[in-house]
Amino acid sequence: MHPPRANRAYRNVARVLRPVLYGITRRDWRGAEHLPSGTGFIAAGNHMTNVDPLTFAHYLYDNGVAPKILAKSSLFSVPVVGWVLRTTGQIPVYRNTAQAGDSLRAAETALAAGECVAVFPEGTLTRDPDLWPMVAKTGVARLALASRAPVVPIAQWGAQDLLGRYAKLFKPIPPKRITVVAGPPVDLDDLYDRPLDAATLREATERVMAAITALLADVRGATPPERPYDMRRDGGGPGAGSAGASGPAAGAA
């Protein structure tokens, strides 16, 4: 079954990709009961490797949701990839340009129409040495507070075994265990009527990332760092200069 909001192109792409993903992964999917139905919502996840947008989308799609992923605009000009992104209705992110606000406006429109907008709030692959979520950009907060759409935190683990961070060698054999867990929507109600200033945006962003990190800690059975990795404080981190450092999908800046 395909999600009711998946257009023909989305369904055709899924017909090609889903059998491949079924063949190369062993899925441990939890928390689908937290995905809202009948309303637009934001799916916010951690970002470890260039392949995890596929596993993220696979989880959502097979649970009845056809996500509109915020993806960096340069990907829309890549042969085949760009066609897939355009025809399935993904949302380009124009970083550091006069069009930067267009991404949020397009995402707000999608949410108002009842769509799921998928974001990776960190905006790039995490630089944390142990792949914990790092300090995120505030785009997810801007979108959540402007739209008042529910923000569902989603943690994933295992995609890095298919393709390591910054790695070029894909390792589909043997199939890898992919765990994806959704939690209840993040409570932002008390922030809706506050001024949309830096403090409010940071508070909302930190709540979203704390929820994702808590889910990931449970999945990994490990304790995250006391302070999330911060590129401004800690530097670019391992592999920051690699070609894949910006990742295939990004949260709004």
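The rules behind these values
- Residues numbered from 1 in each chain as written.
- Predicted model: local features only at pLDDT ≥ 70, side-chain atom pairs only at ≥ 80, totals over all residues.
- Heavy atoms only, no water.
- Salt bridge = Lys/Arg side-chain N within 4 Å of Asp/Glu carboxyl O.
- Helix = DSSP H or I, 4+ residues; strand = E, 2+ residues; numbered from the N terminus.
- Buried < 20%, exposed > 50% of the residue type's maximum accessible area, 1.4 Å probe, protein only.
- pLDDT = per-residue confidence, 0-100.
- Contact = heavy atoms within 4.5 Å.
- Pairing = 2+ DSSP bridges.
- Axes fitted to C-alpha atoms, helices over the stretch in contact; angles between N-to-C directions.

**Brief notes about the pattern of salt bridges**
Then, in step 1: Tallied over the entire structure, the rule returns 10 salt bridges.
Then, in step 2: E115 is paired through a salt bridge with R5; the nearest N and O atoms lie 3.5 Å apart. Of this pair, E115 sits in the loop between α4 (100-112) and β5 (116-119) while R5 sits in the segment before α1 (8-24), and the two are 110 residues apart along the sequence.
Then, in step 3: Judged by its relative accessible area of 44%, R5 is partly exposed.
Then, in step 4: The partner of R233 in a salt bridge is D234, with the nearest N and O atoms 2.9 Å apart.
Then, in step 5: We classify R233 as partly exposed; its relative accessible area is 38%.
Then, in step 6: With relative accessibility at 34%, the residue D234 sits in the partly exposed group.
Then, in step 7: Here the salt bridges do not stand alone but share partners, grouping D28, R30 and R177 into one network.

**Overview of the confidence of the model for the chain**
Then, in step 1: Considering every residue of the chain, the mean pLDDT works out to 92; 92% of them sit at 70 or more.
Then, in step 2: Below pLDDT 50 for its whole length, residues 241-250 participates in 38 contacts with residues either more than four positions away or in separate chains.

**Some words on the environment of A210**
Then, in step 1: Inspection of the secondary structure assignment puts A210 in helix α7 (residues 198-220).
Then, in step 2: Expressed as a C-alpha distance, the spacing of A210 and R105, which sit 105 residues apart in the sequence, is 26 Å.

**Things to note about the sheet that holds β5**
Then, in step 1: On the basis of which strands lie adjacent, the open sheet formed by 7 strands has the order β1-β7-β6-β2-β5-β3-β4 and mixed pairing. Single-partner strands in this sheet number two, and they are β1 (25-30) and β4 (91-93). Taking the axes of each pair of neighbouring strands and ignoring which way they run, one obtains an average angle of 25 degrees across the sheet.
Then, in step 2: Note: strand β6 (residues 151-157) against strand β7 (residues 176-182), 4 bridges, orientation antiparallel. Note that in β7 the partner of W157 across the bridge is T179.
Then, in step 3: Against the sheet, α1 contacts β1 and β7, and its axis sits at roughly 95 degrees relative to β1.
Then, in step 4: Where helix α5 (residues 139-147) meets the sheet, its contacts fall on β2 (41-45), β5 and β6, and the angle it forms with β2 comes to roughly 160 degrees.

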